[in-house]
Amino acid sequence: MPNASSWSASSPLLLLWEDSSGTRIFLSLLYAVLAISGTLSNVMVIYLVFSFKKLQTTSNAFIVNGCAADLSVCALWMPQEAVLGLLPPNSSSLRSAEYRLLRGGLLGLGLTVSLASHLLVAFNRYVLITKLPSVYQALYQRRHTGCMIGLSWALALLLVPLLPGLWTPGSAQQSPPRQTDGGSRYTALLLALAVLGQTALLLHCYLGIVRRVRGSAKRVSVLNFHLLHQLPFPAAPPPPRRAQRRLSSVSVLLLCCVFLLGTQPLVWVSLLGFFLRPAPPALQAASWLLLCSLSALNPLLYTWRSEEFRRAARSVLPRGEGPAAAPRPATAAGPAAA
């Protein structure tokens, strides 16, 4: 069925070419919603970090790096998927190999740097909370932080041209008997193992944070996820320890659950396709869609528990207090905001 195969190959996540036009329209609307919400949230986080000095921490530098990568997916790649879902399957614009390569490059670049940024944030918080302040200061100097961010982009730029099939998930599903299917299966296996290893390291970091917070009362106040602005740890009186421990554990658990929900379906679908038999196209499409939806959720995932981010956001929103009122929480407004 030539029209179907060309549709699947040119639009890797819109694999349901046998379904009605209503299904493709629904997927296009879903991509449009994710594109708009993800673009606005990522741009907002980047703007707040660059506009407010209190937010310019090492951890937030890694978060901004992830937001910049997520913009490649939300602002550049998702809108194209939304438009392609509304085009007829035999449209000539869908047959261009160069255009497919460009879209695959945007997706691969954004997802690789975004996943690397997740790990950089987790490791930064792990070192901050579980190691001595001198160790943190020595490891996260400005130059070292810049090198870590640069390496994440260098890795992505290296993988995208070397493994083009890695970011075209529809190519392996449209024609299994092809000779190229073996290469696509191995690249899918490589992707699954890479994400699985990254997930194991991320969980190790956050579970280590939870263990340290539960075992050290004087560091409980750290895990409110608006990480320290100075070292050693501030001497301000912490909130009630049991309640703070509970909130901190819930924050870590929610972050880990959302990350696992977004990444693990693709991992196990890829492993299933390599060792047993390919999963149904709808399941493969859903697993890739969940992974890409992380690009829209990441800004909220890392900032919703931060009082500093909430204050900064209120100061720039139309109904906020205005930029001039930002320093006020240190005086009379402090207890109310807390």
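All values derive from a computational prediction rather than experimental measurement.

The rules behind each value
Residues numbered from 1 in each chain as written. Predicted model: local features only at pLDDT ≥ 70, side-chain atom pairs only at ≥ 80, totals over all residues. Heavy atoms only, no water. Helix = DSSP H or I, 4+ residues; strand = E, 2+ residues; numbered from the N terminus. Buried < 20%, exposed > 50% of the residue type's maximum accessible area, 1.4 Å probe, protein only. Contact = heavy atoms within 4.5 Å. Areas by Shrake-Rupley, 256 points an atom, 1.4 Å probe, with all protein chains shown as cover. Core = buried A, V, L, I, M, F, W, Y, C linked by side-chain atoms within 4.5 Å. 1 Å grid on protein atoms, 1.4 Å probe; cavity = no way out; pocket = protein on both sides within 12 Å on 5 of 7 lines; lining within 4 Å. Points joined across faces, edges and corners; volume = space filled by probe spheres on them. Expected span 1.5 Å × (residues − 1). Bend = angle between axes of the 7 residues up to and from the residue. Axes fitted to C-alpha atoms, helices over the stretch in contact; angles between N-to-C directions. Parallel < 35°, antiparallel > 145°, perpendicular 65-115°, else oblique. Left-handed = near helix turned anticlockwise from the far one by under 90°. Nonpolar A, V, L, I, M, F, W, Y, C, P; charged D, E, K, R; others polar. UniProt positions renumbered as here; feature names shortened; annotations may be inferred. Salt bridge = Lys/Arg side-chain N within 4 Å of Asp/Glu carboxyl O. Lys, Arg positive; Asp, Glu negative; His and termini not counted. Phe/Tyr/Trp six-rings, centres within 6.5 Å; stacked < 30°, edge-to-face > 60°.

(A) Seen up close, the overall build of the protein. Assigned secondary structure in the protein consists of 12 helices and 0 strands. Listing each helix as α and each strand as β along the protein from the N terminus yields α-α-α-α-α-α-α-α-α-α-α-α. For the protein, with 338 residues in total, the buried portion stands at 49%. Once local pairs closer than 6 in sequence are excluded, the contacts in the protein between residues at least 24 apart make up 78%. Total accessible area on the protein is roughly 16,900 Å²; 68% of this is exposed by carbon and sulfur atoms.

(B) Region of the structure containing the nonpolar core. Core analysis: the largest hydrophobic core is formed by 63 residues, its most contacted members being Trp77, Met78 and Tyr206. Broken down by secondary-structure element, the contributors of at least two residues to this core are helix H2 (21-51), helix H3 (58-84), helix H4 (97-130), helix H6 (142-162), helix H8 (180-215), helix H9 (241-275), helix H10 (281-303) and helix H11 (307-316). If you tally residues by element for this core, the top one is H4, at 11 residues. Leu109, Val113, Ala156 and Val160 belong to the second largest nonpolar core, which has 5 residues in total.

(C) Quick peek at empty space enclosed by the protein. Applying the stated criterion across every chain, the model contains 4 cavities of 30 Å³ or more. Quantified by volume, the largest cavity comes out at close to 80 Å³. Every residue lining the largest cavity is listed: Phe62, Ile63, Gly66, Cys67, Asp70, Ser114, Ser117, His118, Val121, Asn298, Pro299 and Tyr302. For the lining of the largest cavity, the secondary-structure elements that each account for two or more residues are H3, H4 and H10. Tallying contributions element by element places H3 first for the lining of the largest cavity, with 5 residues.

(D) Molecular detail of H10. Taking 1.5 Å per residue, 23 residues should reach 33 Å; H10 reaches 35 Å between its end C-alpha atoms and fits that length. At Leu297, H10 shows its maximal kink, close to 55 degrees; a proline, Pro299, follows between one and four residues later.

(E) Local environment of the packing of H2 against H10. Between H2 and H10, the least distance of the axes is 9 Å, while the angle of their chain directions is 30 degrees. As far as their axial angle goes, H10 and H2 are roughly parallel. Handedness of the H2/H10 crossing: left-handed. Packed against H2, whose contacting residues are Leu30, Tyr31, Leu34, Ser37, Gly38, Ser41, Asn42 and Val45, the element H10 presents Leu289, Ser293, Ser295, Ala296, Pro299 and Thr303 at the interface. Along the lines of polarity and charge, the residues of the contact of H2 with H10 split into 7 nonpolar, 7 polar and no charged.

(F) Main features of the UniProt feature "transmembrane region" (unreviewed entry) in the protein. Per the UniProt annotation, the sites labelled "transmembrane region" (unreviewed entry) are residues 25-50, 62-80, 100-123, 144-167, 187-209, 250-276 and 282-304. Its end C-alpha atoms 37 Å apart, residues 250-276 is made of 96% helix and 0% strand. For residues 282-304, the helix share is 96%, the strand share is 0%, and the end-to-end C-alpha distance is 32 Å.

(G) Examining the pattern of salt bridges more closely. Overall, the coordinates contain 5 salt bridges when judged by the stated rule. Of the charged contacts, one joins Glu307 and Arg310 as a salt bridge, the two residues approaching to 2.7 Å between their closest N and O atoms. Highlighted residues: Glu307 and Arg310, both in helix H11, separated by 3 residues, approximately one helical turn. One salt bridge connects Arg311 with Glu308, and the closest N-O pair in it is separated by 3.9 Å.

(H) A look at the side chain of Asp70. Note that Asp70 resides in helix H3. An unpaired buried charge is present at Asp70: no salt bridge exists, and Arg125, the closest side chain of opposite charge, is 13 Å distant. With residues up to four places along the chain from it excluded, the contact list for Asp70 reads Asn42, Ser114, Ser295 and Asn298.

(I) Local environment of the packing of aromatic side chains. Under the counting rule described, the total for this entry stands at 4 aromatic pairs. Here Tyr136 and Tyr140 contribute two aromatic rings whose centre-to-centre distance is 5.0 Å and whose plane-to-plane angle is 35 degrees, an arrangement assigned as tilted. Here Tyr136 matches Tyr140 in class, with each residue buried. Put simply, the rings of Phe62, Tyr136 and Tyr140 touch in pairs and so form one group of aromatic residues.

(J) Representation of the packing of H2 against H3 in the model. The interhelical angle for the contact between H2 and H3, taken along N-to-C directions, is 155 degrees, at an axis separation of 8 Å. Comparing their axes, H3 and H2 come out roughly antiparallel. With respect to the hand of their crossing, H2 and H3 are arranged in left-handed fashion. Looking at the contact of H2 with H3 residue by residue, the class counts come to 20 nonpolar, 5 polar and 2 charged.

(K) Looking closely at the environment of Cys205. Relative to the helices and strands, Cys205 is located in helix H8. Between the alpha carbons of Cys205 and Leu119 there is a distance of 8.7 Å; along the sequence they are 86 residues apart. With residues near it in sequence (within four places) discarded, Cys205 still touches Ala122, Phe123 and Tyr126.

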